[in-house]
Amino acid sequence: MDLKPIDSKPKKGDEAFTCNGVTTNRSLLDFWRWSSSNILSNATRGRLAEFIVSTAIEISPDKIREEWDAYDLVSGEGIKIEVKSAAYIQSWHQKSLSAISFKIKPARYWDKETNTFHGEPERHADVYVFCHLKHKDKNTIDPLKLEQWDFYVVPTYRLNERNQSSIHLNSVRQLTDPRGYGELKDAIIKAYTVQQNSLHKSASST
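Residues numbered from 1 in each chain as written. Predicted model: local features only at pLDDT ≥ 70, side-chain atom pairs only at ≥ 80, totals over all residues. Heavy atoms only, no water.

Okay, the sheet that holds strand E8 (residues 127-133) next. Taken together, the four strands give an open sheet; going across it, the order is E3-E4-E8-E9, and neighbouring strands pair in mixed fashion. Every interior strand has two partners, whereas the edge strands, strand E3 (73-74) and strand E9 (149-155), have only one. Examined bridge by bridge, E8 and E9 share seven bridges and lie antiparallel to one another. Following the sheet pairing, Tyr128 is matched in E9 by Val154. Those strands touched by helix H2 (residues 42-56) are E3, strand E4 (80-87), E8 and E9, and its axis lies near 130° from that of E4. Sheet contacts for helix H5 (residues 184-204): E4, E8 and E9; angle to E9, the most-contacted strand, approximately 15°. (Pairing = 2+ DSSP bridges. Helix = DSSP H or I, 4+ residues; strand = E, 2+ residues; numbered from the N terminus. Contact = heavy atoms within 4.5 Å. Axes fitted to C-alpha atoms, helices over the stretch in contact; angles between N-to-C directions.)

Put into C-alpha cells, the structure is as follows:
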C-alpha cells in the first residue's frame, strides 16, 4: 500500500471534537490553549521563534509549518532559513540564568514524499537566524513583546567554517551584530546575498 503524505490545511480553532457524530463541548482552540500556552517552554518557544521570523519576512499564516523539513522557513524570495532560539529564563525553577547556546549540527535531509534520508549530513539552509530572548526578569518576561528579543542572522557558510555542533552567544556575536525585529527582513536578505556570493566564489575557484 502506497500512502502519500497528508497535505494539512490551516484550522480556525472552532472545530469541535466529536464522538460518534455527537459534538462535544471542547474545540481545537481548547487543545491549542492546553498544549501551547506556556510559550516559555523550550519546545513551544522554538516554534514561536519560527513564527516570529515568518511574520518578519511576511510568510502567510495560511502556510502550515512543516515539522521535519530540512530547514524551517522559505521566504517569498526563495531564501531557505533555519531558526534557532535560546533564552536566559526558563519555565522551571532556576538558581541562575541559563547560558545561551544554539545547536547547529549538520543533518541529513529527510524527504517526506519517500520517507527516506538523503545525502551526507550538512546544513541545508541559506541563512541561520539565532533568536535570543534576552529579557532577564522572570516577573516581566513576555515573548510576545518583540523588543525582548535580539536576532542574529548568519550566512550558513560562516557556520560551515566551524567544525561545531553548537555555538555559544559570544561566538555568534563575533559573526554578526544583533538586530531588532524591524531590521530582521533586511538582515536576512543581506545575509543571503553574502551566502550566494560565497558559493559563487567557491564554485569559480574549483
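Bringing the layout of surface pockets into the picture now. The calculated volume of the largest pocket comes to roughly 1,200 Å³. Surrounding the largest pocket, 30 residues form its lining, Arg47, Phe51, Lys63, Ile64 and Arg65 being those nearest its centre. At the level of elements, helix H1 (28-36), H2 and E3 are the ones that each hand at least two residues to the lining of the largest pocket. Broken down by element, the lining of the largest pocket gets its largest block of residues, six residues, from H2. (1 Å grid on protein atoms, 1.4 Å probe; cavity = no way out; pocket = protein on both sides within 12 Å on 5 of 7 lines; lining within 4 Å. Points joined across faces, edges and corners; volume = space filled by probe spheres on them.)

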